[in-house]
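Reading the structure
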Amino acid sequence: MGFLQTAIQYFWREESPFVLVFTLCLAFLLFTFLKNDQKSVRNTLIFFIACQLLAIISGLFHAMQFTFAALVFHEAAITGAGIAVIRLCGLLAFRIVLPMIRLQPPRITEDIFVIMAYLFWFLVRLRFAGLDLGSIVATSAMITAVVAFAMQDTLGNILGGLALQLDNSIEIGDWIKVDDVVGRIVDIRWRSTLVETRNWETVVFPNSQLMKNKFQVLGRRTGQPVQLRRWIWFDVSLNTTPRQIIRAVEDTIMLADISNVAKFPQPNCVLMEIDKGVSRYALRYWLTDLAVDDPTDAAVRWHVYTALERAGIQLEVEKQSVHLIKENEKYEGVVHQREAQQRVKTLRRVELFAQMTDEELSGLAERLKFAQFAKGNIISRQGAIAHWLYIIINGEAEVYLEAPNGERRSVNILSKGSFFGEMGMMTGEPRSASVIAITDVECYRLDKEAFAVIMQARPSLAEDITHILVERRAQLDSVMHHLDEQTRSQEKSSQRNELLVSIKRFFGL
Ligand code: CMP
């Protein structure tokens with residue numbers, strides 16, 4: 001047998017091609033899919049290739065009759081190659097397969113499994129080499145005791161990390177509060193737990209600290225979704241009763257569609273304190289995404305403010321900061337006139353009032369009430385009794401239908417200059433659709449009485465409105481029943497007559 005042949009036969013075994021192909025494919029797969037861990041895959045592969053070189057060297061030694069050296073090199077090569085394969089399998093299992101089935105075990109679990117696999121492999125190789133496992137275990141227990149004594153603190157952290165993992169007291173993604181630090185857990189490592197704060201800091205907590213001291217897991221309650229109660233404070237003068245205030249705020253917030261505000265438990269408003277002539281209220285709501293606490297607070301605060309404003313309730317300001325402006329009657333008159341002119345200008349842009357004279361518009365302007373709605377507010381709710389006609393002066397609102405199963409179907413988007421609420425106002429029927437503010441919306445509102453006065457002054461308005469109303473009703477129906485164009489136009493003429501009669505009857509025309 002030639003020198004080379006002897007060498008090759010020594011290191012190239014039956015299973016070698018399989019191990020080689022398997023490892024290369026695995027490394028290729030990991031390299032492609034694990035963009036963040038490419039360095040670690042590359043290093044492991046280099047280590048594997050080094051072990052293969054070691055195996056070749058062992059073959060050469062064998063051919064040169066250095067039997068003992070060949071044996072040692074060969075054993076080292078196999079053990080090393082096994083370690084590299086275990087590492088790659090660990091990466092595959094913990095960073096590709098488990099995340100695919102939505103499991104995100106912390107890094108520490110991966111490390112434990114991989115180290116245990118290394119130890120197992122090491123013992124298997126030692127057994128093959130003919131060593132007695134019993135004495136190995138006894139020796140390693142001795143070594144462990146010595147090491148444990150020397151590294152008490154580190155081991156405390158490590159065991160802390162393990163305990164935190166095993167008792168499920170915290171998980172990656174949990175929001176925790178330790179002293180004055182609030183943040184989300186991004187990793188639980190051997191020695192420490194990493195917490196990212198909203199200010200883009202990463203705080204490193206030694207695991208033993210989390211084990212020994214109290215900390216809060218925010219928004220977590222057994223069997224419930226993760227959500228945290230937030231408090232929005234506001235002060236109102238004692239002139240308004242708590243019932244009025246609580247109802248104005250709760251009604252609005254419960255109906256509003258505000259991102260990251262939980263539907264259940266429902267938000268609630270409570271009178272928390274009465275002091276120095278001021279009543280202090282808190283609106284409590286449950287935040288579903290703990291990362292956006294301040295922006296959601298701000299949105300809810302704005303809803304509270306606009307709800308109070310629409311109900312004619314003013315927020316109380318601190319007594320010291322009240323500024324008095326001396327306004328004489330002339331000044332007031334000028335302000336009023338300017339406001340009235342502005343209203344007439346706005347009304348002229350509304351298609352419904354296009355035919356009205358300046359005088360009629362001024363009369364109408366006098367009766368308008370200003371109301372603003374925060375983004376997400378339901379301005380009018382399908383099925384509710386109609387009290388107002390709304391004219392949008394700024395912002396956009398969406399008209400939508402709500403099916404009995406809760407499904408929403410958009411009907412139309414209304415913007416500056418459009419009006420809505422005419423159907424309920426004029427027919428006396430409940431609101432045909434819901435209207436939600438999709439931006440902050442500023443409106444003028446007109447109550448039924450004021451509107452009736454205008455209708456009586458100009459009966460032709462009823463026909464104009466009926467025209468727009470019929471168009472809108474057809475569109476509503478089409479969304480509701482998916483009516484085709486032809487059926488819609490057939491229905492239009494008959495509907496118009498019916499509606500006109502019902503409108504005229506309603507207003508006693
Ligand atoms: P009302 O039924 O009082 O309340 C809901 C309002 O949505 C309704 O009056 C109309 O003003 C408005 N609306 C209904 N359908 C449409 C539509 N197709 N286009 C625009 N607005 C509509």
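Check the entry above for the structure.
Please read all numbers here as calculations on a predicted model, not as lab measurements.

All right, on to the overall build of the protein chain then. Within the protein chain one finds 16 helices and 16 strands. Radius of gyration (C-alpha) of the protein chain: 38 Å, far over the 23 Å computed for a compact globule of 509 residues. Based on the C-alpha atoms only, the size of the protein chain along its principal axes is roughly 120 × 65 × 40 Å. Taking all 509 residues of the protein chain together, 38% fall into the buried category. Contacts spanning at least 24 positions in sequence make up 68% of the contacts within the protein chain whose residues lie at least 6 apart. Surface accessibility of the protein chain: about 29,900 Å² in total, with carbon and sulfur atoms responsible for 58%. Positive and negative side-chain charges of the protein chain, numbering 55 and 56 respectively, have mean locations separated by a distance of 2 Å.

This brings us to the nonpolar core. Note on soluble globular proteins: their nonpolar side chains tend to be buried together. Ranked by size, the top nonpolar core spans 49 residues in total, and within it F353 and F451 carry the most contacts. Setting aside anything within four residues of it in sequence, one finds F353 in contact with L347, L361, L364, L389, I391 and F451. Counting residues in hydrophobic clusters, the runner-up holds 19 residues, among them I245, I253, Y285 and I313.

Now for unusual backbone geometry. Excluding glycine, residues mostly carry a negative phi; peptide bonds, for their part, are mostly trans. The step from F264 to P265 runs through a cis peptide bond, and the omega angle for that step is -5 degrees. Within the secondary structure layout, P265 lies in the loop between α9 (242-255) and β7 (268-275). With a phi close to 75 degrees, Q65 is a non-glycine residue in the positive phi region. Its place among the elements puts Q65 in the loop between α3 (38-63) and α4 (67-100). Judged by relative accessible area, Q65 falls into the exposed class, the value being 63%. Phi at R102 is positive, roughly 60 degrees, even though this residue is not glycine. Residue classification places R102 among the exposed positions, given a relative accessible area of 78%.

Residues in close proximity to the ligand total 17 residues, the closest being G421, E422, G424, R431 and S432. A distance of 2.6 Å separates an oxygen atom of the ligand from a polar atom in the side chain of R431. Take Q475: an N or O atom from its side chain is 2.9 Å from a nitrogen atom of the ligand. For the ligand, whose unbound accessible area comes to 460 Å², protein coverage reaches 100%. Of all elements in the fold, only β13 (408-414), α13 (422-427) and α15 (460-481) reach the threshold of two or more residues within the shell around the ligand. Grouping the amino acids of the shell around the ligand by side-chain chemistry returns 8 nonpolar, 6 polar and 3 charged.

A few words now on the packing of aromatic side chains. By the definition in use, this model includes 9 aromatic pairs. Their ring planes at 45 degrees and their centres at 5.7 Å tell us that F94 and F113 sit as a pair that is tilted. Of this pair, F94 sits in helix α4 while F113 sits in helix α5 (residues 107-128), placing them 19 residues apart in sequence. Over the ring of Y400 we find R408; its NZ or CZ atom is 4.2 Å from the centre of that ring.

One can describe the packing of α9 onto helix α10 (residues 293-310) by two numbers: an axis separation of 9 Å at closest approach and a directional angle of 130 degrees. With respect to their mutual orientation, α9 and α10 come out oblique. Remark: the crossing between α9 and α10 carries right-handed chirality. Judged by residue contacts, I245, A248, V249, T252 and I253 of α9 engage V300, H303, V304, A307, L308 and R310 from α10. Class assignment of the residues belonging to the contact of α9 with α10 gives a composition of 8 nonpolar, 2 polar and 1 charged.

What counts and what doesn't
Residues numbered from 1 in each chain as written. Predicted model: local features only at pLDDT ≥ 70, side-chain atom pairs only at ≥ 80, totals over all residues. Heavy atoms only, no water. Helix = DSSP H or I, 4+ residues; strand = E, 2+ residues; numbered from the N terminus. Rg over C-alpha atoms; globule rule 2.2 N^0.38 Å. Buried < 20%, exposed > 50% of the residue type's maximum accessible area, 1.4 Å probe, protein only. Contact = heavy atoms within 4.5 Å. Areas by Shrake-Rupley, 256 points an atom, 1.4 Å probe, with all protein chains shown as cover. Lys, Arg positive; Asp, Glu negative; His and termini not counted. Charge placed at Lys NZ, Arg CZ, Asp CG, Glu CD. Core = buried A, V, L, I, M, F, W, Y, C linked by side-chain atoms within 4.5 Å. Near = heavy atom within 4 Å. Polar contact = N/O pair within 3.5 Å; in protein donor to acceptor, adjacent residues only side chain to side chain. Nonpolar A, V, L, I, M, F, W, Y, C, P; charged D, E, K, R; others polar. Phe/Tyr/Trp six-rings, centres within 6.5 Å; stacked < 30°, edge-to-face > 60°. Lys NZ or Arg CZ within 6 Å of the ring centre and 35° of its normal. Axes fitted to C-alpha atoms, helices over the stretch in contact; angles between N-to-C directions. Parallel < 35°, antiparallel > 145°, perpendicular 65-115°, else oblique. Left-handed = near helix turned anticlockwise from the far one by under 90°.

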